[in-house]
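Close look at the chain arrangement
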Amino acid sequence: RGGGGGGGGDIFAKLNAKIEGTPRVPSTPASAEPPSAVGLSPLLSMCSPSTISDMVRKRALNIEASIGRIQFEETEAAISNLLNFHPEQALAHYLRYLNYLHHREFPGALDSLHRYFDYAMVEKWGKDFVQYAIINLAALHHSFGHREL
């Protein structure tokens, strides 16, 4: 489980602890705040981009499982922490979309869906991804009862 150089597992453990420091199910007390990405630069420089991306994806899956099971604010704090750590992570924007959708917040859901597809097109599939964006946008409008579009 080396972290890409230097201290090996020790660096990996420290970086993973920073990422994993966000709220989890079951809910944490409201006073518990997620850690920020401050102080991660030395750790990030010692890890490969794929290692960092894998850890962020793992944390994103944990957040996904918590949507609807913990308060909106706790889930949003966990997503914000992920985005502070890795702003271009498309999956974090999709999780934010799901959180807004679950809590029936149309403007936030729409913005998050747009951001997700902006990053996903660059990160993954390019123009071949457009049809999925259109289908998801239509599903969003349908779920909010916007039938007149």
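As a reminder, the structure under discussion sits directly above these lines.
Counting of residues starts from 1 at the beginning of each chain's written sequence and follows it residue by residue. Only residues with pLDDT of at least 70 are given local features in this predicted model, and only at 80 or more are side-chain atom pairs given and counted; all residues enter the totals for whole chains, interfaces and linings. For the side-chain quantities, the full set of heavy atoms in the structure was used; hydrogens and water were omitted.

1. Comments concerning the overall build of the protein chain
Inclusion rule: Helix and strand assignments follow DSSP, with helices taken as H or I runs no shorter than four residues and strands as E runs no shorter than two, numbered in order from the N terminus. Buried residues are those whose accessible area, probed at 1.4 Å on protein chains only, stays under 20% of the maximum for their type, while exposed residues exceed 50% and partly exposed ones sit between those limits. By definition, residues are in contact when any of their heavy atoms lie within 4.5 Å. Each accessible area is a Shrake-Rupley result for a 1.4 Å probe, and residues are judged covered by the shown protein chains and nothing else.
Counting secondary structure elements, the protein chain contains seven helices and zero strands. Put simply, the protein chain has 149 residues, and 39% of those count as buried. For the protein chain, the share of sequence-separated contacts (at least 6 apart) that also reach a separation of at least 24 residues comes to 63%. Roughly 8,400 Å² of accessible area belongs to the protein chain as shown, and the carbon and sulfur atoms make up 56% of that amount.

2. Quick word on the packing of helix H5 (residues 90–102) against helix H7 (residues 130–143)
This is how the line gets drawn: Fitted lines through C-alpha atoms give the axes, limited to the stretch in contact for helices. The angle between two N-to-C directions lies from 0 to 180 degrees. Should an angle lie under 35 degrees it is considered roughly parallel, over 145 roughly antiparallel, and from 65 to 115 roughly perpendicular; all remaining angles are considered oblique. Working rule for handedness: look at the near helix, and if it is turned counterclockwise from the far one by less than a right angle, call the crossing left-handed; if clockwise, right-handed. Under this grouping Gly is polar, as are all residues other than the nonpolar Ala, Val, Leu, Ile, Met, Phe, Trp, Tyr, Cys and Pro and the charged Asp, Glu, Lys and Arg.
Relative to each other, H5 and H7 sit at 15 degrees, their axes nearing to 12 Å. Between H5 and H7, the angle falls in the class roughly parallel. For the crossing formed where H5 meets H7, the hand is left-handed. Along its contact with H5, which presents Tyr-94, Tyr-97 and Leu-101, the element H7 presents Asn-136, Leu-140 and Ser-143. Grouping the amino acids of the contact of H5 with H7 by side-chain chemistry returns four nonpolar, two polar and no charged.

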